[in-house]
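Structural overview for review
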Amino acid sequence: MGVITEKLPIYIEPMPGGSMVLTSMDFMINWAHANSLWPLTFGTSCCAIEVMMAAGASNHDLARFGAEVARATPRQADLLVVAGTIVKRMAPILKTLYAQMGEPRYVIATGSCAISGGPFVFNSYTTIRGVDQLIPVDVYVPGCPPRPEAFFYGLLTLQRMIKEGETVRKPGIRRKPVMAALPEGITIADIQAELAALLDRNATVNVPQQCKERDLDEP
Amino acid sequence: MNTTWKVTTVAQRAAEALPAHPWIASGYLLLGVAGIGAFVAGLGLAMIYAERKIAAHFQCRLGPMRVGWHGLLQTVADMLKLLMKEDIVPAQGDQLLHLFAPLLTFLGTMLAIMMVPMSPILQVADVNIGVLYVTAVSGFGVLGILLGGWSSNNKWSLLGAMRAGAQIISYEISATLALLVVVMFSGTLQLSHIVQSQADGWWIWRAPGVGLVSFIVYLIASTAEINRTPFDIPEGESELTAGFHTEYSGIRFAFFFLAEFINMFIVSAMAATLFLGGWMPFHIGGFGTLNHAMDLIPPGLWFAGKTGFLIFLIMWFRWTFPRLRVDQLMRLEWKILLPVGFANLLVGASFVIFNLYFFPWH
Amino acid sequence: MSIRVTTLDEKIHEIPTNESPMASQEYFVNMGPQHPSTHGVLRLVLKMDGETVREILPVLGYIHRGIEKKGEHIGYRQFVHLTDRLDYLSALANNWAVSMVVEKAMNIELNDRIQTIRTIMAELQRIQSHQLWWGVFGMDLGAFTPFLYGFRDREKITTILEETIGARLTMNYIQPGGLMFDIQPDFAKKVKEFISYFKPKLEEYETLVSNNVIFEQRMKNVGILDAATAVSIGTTGPVLRASGVAHDLRKDEPYGVYGKVQFKVAVGSVGDSWDRYRVRIEEMRQSIQIVEQLIDNIPEGKTLVMKPAIKIKLPAGNYYSHIETARGIFGVFVVADGTDRPYRIHLRTPNFNNLWAVTVTAPGWRLADLVTILSSLDIVVPDIDR
Amino acid sequence: MSPDDLVAAVIAIESGVAKKDLCDRLAVNVLPETLLKFMQRLHDDPQLAFDMLYTHTAVDYPVENRIELIYQLYSVKQRHYLMVATSVKRDKPEISSVSSIWRIAEWHEREVYDLFGVLYDGHPDLRRLFLDDDWKGFPLRKDYKDDFMLERPE
């Protein structure tokens, strides 16, 4: 199908009604990709239990979204869920895994270890601070570990991004992660500034007042 | 006497129409080929969907729900995605063999499905060596698996392929022995005649004891032949990452995936045809009233019901049994199934000679 | 002093190969960091002769985050939250071990309510951990359904714990000096409901796996670990008890309210995968008994006996205390120098010692048996690498 | 065996063995040269029978220019616990390996070599356990500097 999706659009486009054919082709291809994301069984630490196992088990059934067939080989998987901490020694292996996967491949970084190094940012001589230094990431699911429902929200966001994002005319160009969907007038800089101000105000704890609340003896 | 069924296959119709008007004959042939293609595709999608839903309900979960009503379109999405996937051929691997291995497996399946007598009119071809032809053609499957495993230049797939070679070849023996018993009773190899020979009753109960034992031996051996749990060691998920199809992606993995499911259909269709009377309704000897009552249900439905139940049984195996080890698997075949098969054959032969079975029809 | 430091490649080439012309050619296989049955990122370099495994060389470090280095830069109360990320299936027990070290060092007296709640929580977590092990054990042997049955029941405990603790996996609940929160008013009722629900389910586990002939064939005398090797390898927990050594900290050094509770220590005889399986199933039953005895009379009292100060300062000295988690003995060794941060903190993790039982028991068995043995040792890899 | 006569029995084994203070459990200090013989006695003596090595770790004291090696022993038969400590010089940290007595020591010692740089004489397979073989430096030493590691801004 590679021939059709790459070579054909140039010829079909000029034909009358050709773009209508292309858009409906887009719809079909994206619908198929979005609804059958086969995850790769790749969990390094605690997120693997919550995001891969608990989400796939009976209570929070991952199969409802068609993502239940967890393939062990990267060849047949098209969704790499980075669940857990990536350390320096694991980095080249993660890159090889990503390279081995078939072309329309997506990456969800779950847990704060995969997003930014999590609790091991400081004083850890091996933890990679964020997986996006190694491989391009599509959706970030924060949490330590994120609840299975949070992972589903990430999966549904990825499905929405696939359905709206990719087109046959420009293969491989995808919507940026959810940040790109900010309402007008608000930039990331404003958000970071507001966060810094908030952190500054709530950074102190009043110990005597805490003790009075819990009726303990004075310090 | 029971109603006699007139069997006309597509090939016969083409042969009759050939001298007079060749266009209609080629139309029939085209119908046969296209019919098989559509049937295989539709059946594959339906069975994969059924497997995922049955597995889900076995395991107290829902299975695919979001894609179409109750996930009906889920397999369509899977197949379309597999078509779109990048097709990776390993560099150091043997490219040519790697490309054609899945086609060999699929070839074996397509050739075998022609012979399956689904109902008196719904049968593409009917040769007089039916049973022999089907068991011979199903040998292509293991050829494809061996080539695929070896040419992927991957230790896991090589291990999986060697296991598949040893397993399928050895289980074909006891499968053929079980089929031979019924061939002895019905006297012919032609599948449609075998079905008609069960007009007085299905071989599973008409040959007392022998029929049931060979049915069970055939069921075990055929589950091993199509690599289904508890014999799925060629693609043992937890040991060999993905067994022989580790290096396959995209459309050619879909061929292996589909071939496995259609093989499951063929195996349960053969079991239904030989032991449960194929499309023959449930008759008991001369018991006229019951036979006529049973004839009200069209023969095609009888076939679908029997095969459907057997497919459900094979799927049920998958969700209850663990995997056998390689040596346990070989021991089961050579030390248990083979002696049982031969003893069963001898006993069956003596029943046939002395007409010791119900409603002897020779 | 003849000291030679080798590297992995030299070690791989050193492994003896079978030179006799009749033998089939042996080859190396990487049961690599990403493999469905290594429960995380454990890499086993296998020297295989056809299907049988001749030699195993575990390669670690694929999840080594340097938690002990980080321990020297954060306070004691903060270190409790790091131990959740070690053996994430017994987070509460790990928290308890660190809290116990700090409480012993500052000799804080805890009231009965805290001890009882800690014991109940630890036992619930033991059942939860064994349920996950039972599920993954079935999946590794090829049957996918036990994984889902195990997780279905595990979710019931997770919801009970989540109502009190607020977290599903990384609990951070037991802190030095007591507990973070008091238990919910209907906690006892819910636990009793769970116990009455889970007892018949345990019989279901038995029918699905224990009485299944194929499981028995795959497990009976596979990977035998005799008592002497088990002790010299330092294995603890169900792996050691399956080899016939009845060493259980809950009986030898009773902590919490284990002293006042009647329960049996499940001990195996031969030390094969079948015994390890039976010991864990029996332990689930014993844990239910313990929780039943404690759940009805949880004494009243405060759940925090010292002020929630962040700056806990331990007097200078070496302190060591350990606790029996679902996988073995988890020990915390602290060298304190009087400041609010430990000078050195070392974690004696059960999985580190249990892993090496594979290198002793698995050579000579087939690849499928290697997966059975590895899964019967119930290994959690981040606990090994720390 | 009560703790007092256990310590007495242990001290009686070797000269230069002294009770270690500031410990919450039984601990003794041993001279590095006599370590292997001392441990062998602890393992073989039926009265003591320390047949299990819980863990072996090290503590770095750059100020006193020594690395203290800690062995935590336990006897499954007698149900008692002992911690043995010895020290080696920081710039030439070499000591004899106890992996001949307890199998697990082989991998604990590899970990201590990997993170502290202590060399073990007679160790069957001394190489780094967690880090890559070409890793420079020993991370758990107090003076370990690394451009990759972020220090928390105080």
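Residues numbered from 1 in each chain as written. Chains lettered and ligands numbered in written order. Predicted model: local features only at pLDDT ≥ 70, side-chain atom pairs only at ≥ 80, totals over all residues. Heavy atoms only, no water.

Turning next to the overall build of chain B. Looking only at helices and strands, chain B features 14 helices and zero strands. Listing each helix as α and each strand as β along chain B from the N terminus yields α-α-α-α-α-α-α-α-α-α-α-α-α-α. For 362 residues, the compact-globule formula gives about 21 Å, and the C-alpha radius of gyration of chain B, at 21 Å, lands near that figure. Evaluated residue by residue, chain B yields a buried proportion of 57% over its 362 residues. In the form shown here, chain B has an accessible surface area of approximately 14,000 Å², with 78% of it arising from carbon and sulfur atoms. (Helix = DSSP H or I, 4+ residues; strand = E, 2+ residues; numbered from the N terminus. Rg over C-alpha atoms; globule rule 2.2 N^0.38 Å. Buried < 20%, exposed > 50% of the residue type's maximum accessible area, 1.4 Å probe, protein only. Areas by Shrake-Rupley, 256 points an atom, 1.4 Å probe, with all protein chains shown as cover.)

In this section: the interface of chain B and chain A. On the chain A side, the residues contacting the 32 residues of chain B number 32 residues. Buried area between chain B and chain A, summed over both chains or domains, comes out near 2,800 Å², and the portion from carbon and sulfur atoms is 60%. Seen at the junction of chain B and chain A, the total is six salt bridges. At nine residues, helix 3 (residues 74-84) of chain B tops the list of elements feeding residues into the side of chain B that touches chain A. Split by residue class, the side of chain B that touches chain A holds 16 nonpolar, seven polar and nine charged. (Contact = heavy atoms within 4.5 Å. Buried area = accessible area lost by both parts, 1.4 Å probe. Salt bridge = Lys/Arg side-chain N within 4 Å of Asp/Glu carboxyl O. Nonpolar A, V, L, I, M, F, W, Y, C, P; charged D, E, K, R; others polar.)

Our next topic: the sheet that holds strand 1 (residues 79-83) of chain A. Residues and elements named next belong to chain A. Strand order in this open sheet of three strands is 1-2-3, and the pairing throughout is parallel. At either margin of the open sheet sits one strand with a lone partner, and together these are strand 1 and strand 3 (139-141). The sheet shows a mean angle of 20 degrees between the axes of neighbouring strands, taken without regard to direction. Pairing between strand 1 and strand 2 (residues 106-110): five bridges, direction parallel. In the strand pairing of strand 2, Val81 is matched with Ile108. (Pairing = 2+ DSSP bridges. Axes fitted to C-alpha atoms, helices over the stretch in contact; angles between N-to-C directions.)

Looking now at the packing of aromatic side chains. Scanning all chains against the criterion turns up 49 aromatic pairs over all chains. Taking the centre distance of 3.9 Å and the plane angle of 10 degrees together, the rings of C:Trp134 and C:Tyr205 count as stacked. Taken as a pair, C:Trp134 in helix 5 (residues 112-140) and C:Tyr205 in helix 7 (residues 187-210) lie far apart in primary sequence, 71 residues in all. Of the residues examined, C:Trp134 reaches a relative accessible area of 0% and is grouped as buried. For C:Tyr205, a relative accessible area of 1% corresponds to the buried category. When the centroid spacing of 4.5 Å and the interplanar angle of 5 degrees are considered together, the rings of C:Trp356 and D:Trp107 count as stacked. Of the two residues, C:Trp356 is situated in the loop between helix 13 (350-355) and helix 14 (357-361) and D:Trp107 in helix 3 (residues 105-116); the pairing between them involves two chains. Chaining the aromatic ring pairs together yields one cluster made of B:Trp202, B:Trp205, B:Phe282, B:Trp302, B:Phe358 and B:Phe359. Here the guanidinium or amino end of D:Arg25 rests over the ring plane of D:Tyr81, the centre of that ring lying 5.0 Å away. The positively charged end of D:Arg128 is found above the aromatic ring belonging to D:Tyr113, 6.0 Å away from the centroid. (Phe/Tyr/Trp six-rings, centres within 6.5 Å; stacked < 30°, edge-to-face > 60°. Lys NZ or Arg CZ within 6 Å of the ring centre and 35° of its normal.)

So, about the pattern of salt bridges. This model, assessed by the stated rule, comprises 71 salt bridges over all chains. Between C:Arg118 and C:Glu103 there is a salt bridge, with the nearest N and O atoms lying 2.7 Å from each other. Taken together, the residues span a long stretch of sequence, with C:Arg118 in helix 5 and C:Glu103 in helix 4 (residues 91-105) at a distance of 15 residues. When sorted by exposure, C:Arg118 lands in the same class as C:Glu103, which is buried. Residue D:Arg25 is joined to C:Glu253 by a salt bridge in which the shortest nitrogen-to-oxygen separation is 3.3 Å. With D:Arg25 in the loop between strand 1 (18-19) and strand 2 (27-29) and C:Glu253 in the loop between helix 11 (249-252) and helix 12 (273-295), this pair bridges two chains. Judged by its relative accessible area of 18%, D:Arg25 is buried. Under the relative-accessibility criterion, C:Glu253 is labelled partly exposed at 25%. Overlapping salt bridges bring together C:Glu123, C:Arg126, C:Arg241, C:Asp248, C:Arg250, C:Glu283 and C:Glu324 as one network.

The next point concerns the side chain of C:Asp49. You can see C:Asp49 is positioned in strand 2 (residues 43-49). The contacts of C:Asp49, once residues within four sequence positions are left out, are C:Ser24, C:Glu26 and C:Arg54.

Attention shifts here to the packing of helix 7 (residues 155-186) of chain B against helix 14 (residues 326-353) of chain B. Residues and elements named next belong to chain B. Direction vectors running N to C along helix 7 and helix 14 enclose 15 degrees, while the axes themselves pass 9 Å from each other. Viewed along their axes, helix 7 and helix 14 adopt a mutual orientation that is roughly parallel. Seen from above, helix 7 lies across helix 14 with left-handed handedness. Its residues assigned to classes, the contact of helix 7 with helix 14 shows 20 nonpolar, six polar and two charged. (Parallel < 35°, antiparallel > 145°, perpendicular 65-115°, else oblique. Left-handed = near helix turned anticlockwise from the far one by under 90°.)

Of the residues lining the interface, 54 residues belong to chain C; the matching set on chain D comes to 52 residues. Summing both partners gives a buried area of about 4,500 Å² for chain C against chain D, and 57% of it is carried by carbon and sulfur. Connecting chain C to chain D are four salt bridges. Between C:Glu72 and D:Lys142 there is a salt bridge whose closest N-O contact spans 3.3 Å.

Residues A:Leu80, A:Val82, C:Tyr173, D:Met39, D:Leu42, D:Leu69 and D:Val84 are the most contacted members of the largest nonpolar core, which totals 208 residues. Top contributing element to this core by residue count: helix 5 of chain C, with ten residues. The two domains that each donate at least three residues to this core are domain 1 (8-59) and domain 2 (67-378) of chain C. If near-sequence neighbours (up to four positions away) are discounted, A:Leu80 is found in contact with A:Leu40, A:Phe42, A:Leu94, A:Tyr98, A:Met101, A:Tyr106, A:Val107, A:Ile108 and A:Ile135. (Core = buried A, V, L, I, M, F, W, Y, C linked by side-chain atoms within 4.5 Å. Domains from an automatic or database assignment.)

All names here are of chain B. Helix length check: helix 4 (residues 95-113) (19 residues) gives 29 Å between terminal C-alpha atoms against 27 Å at 1.5 Å per residue, within 8%. The sharpest bend along helix 4 reaches about 30 degrees and sits at Ala101, with the proline Pro102 one to four residues further on. For helix 4, the set of buried residues is His98, Ala101, Pro102, Leu104, Thr105, Phe106, Gly108, Thr109, Ala112 and Ile113. Check the buried side of helix 4 and you find it contacts helix 2 (22-58), helix 5 (130-137), helix 6 (139-151) and helix 11 (251-275). (Expected span 1.5 Å × (residues − 1). Bend = angle between axes of the 7 residues up to and from the residue.)

Our next topic: helix 2 (residues 18-35) of chain A. The end-to-end C-alpha distance of helix 2 of chain A is 26 Å, a good match for the 26 Å that 18 residues give at a rise of 1.5 Å each. Those residues of helix 2 of chain A not exposed but buried are A:Gly18, A:Leu22, A:Met25, A:Asp26, A:Ile29, A:Asn30, A:Trp31, A:Ala32, A:His33, A:Ala34 and A:Asn35.

Below, the discussion takes up the environment of D:Ile11. Residues and elements named next belong to chain D. Among the structural elements, Ile11 can be located in helix 1 (residues 3-13). Separated by 18 residues in sequence, Ile11 and Asn29 place their C-alpha atoms 9.4 Å apart. Those residues in contact with Ile11, other than ones at most four positions away along the chain, are Val17, Lys19 and Val28.

Residues and elements named next belong to chain D. Buried residues dominate strand 5 (residues 80-89), accounting for eight of its ten residues. The pairing of strand 2 with strand 5 spans three bridges and is classified as parallel. Bridge pairing in strand 5 links Ala27 to Met83. Note: strand 4 (residues 66-75) against strand 5, ten bridges, orientation antiparallel. Within strand 5, the residue paired with Ile70 across the bridge is Ala85. Count of turn residues in the strand 4/strand 5 antiparallel hairpin: four residues, of which Arg79 carries a positive phi of about 60 degrees.

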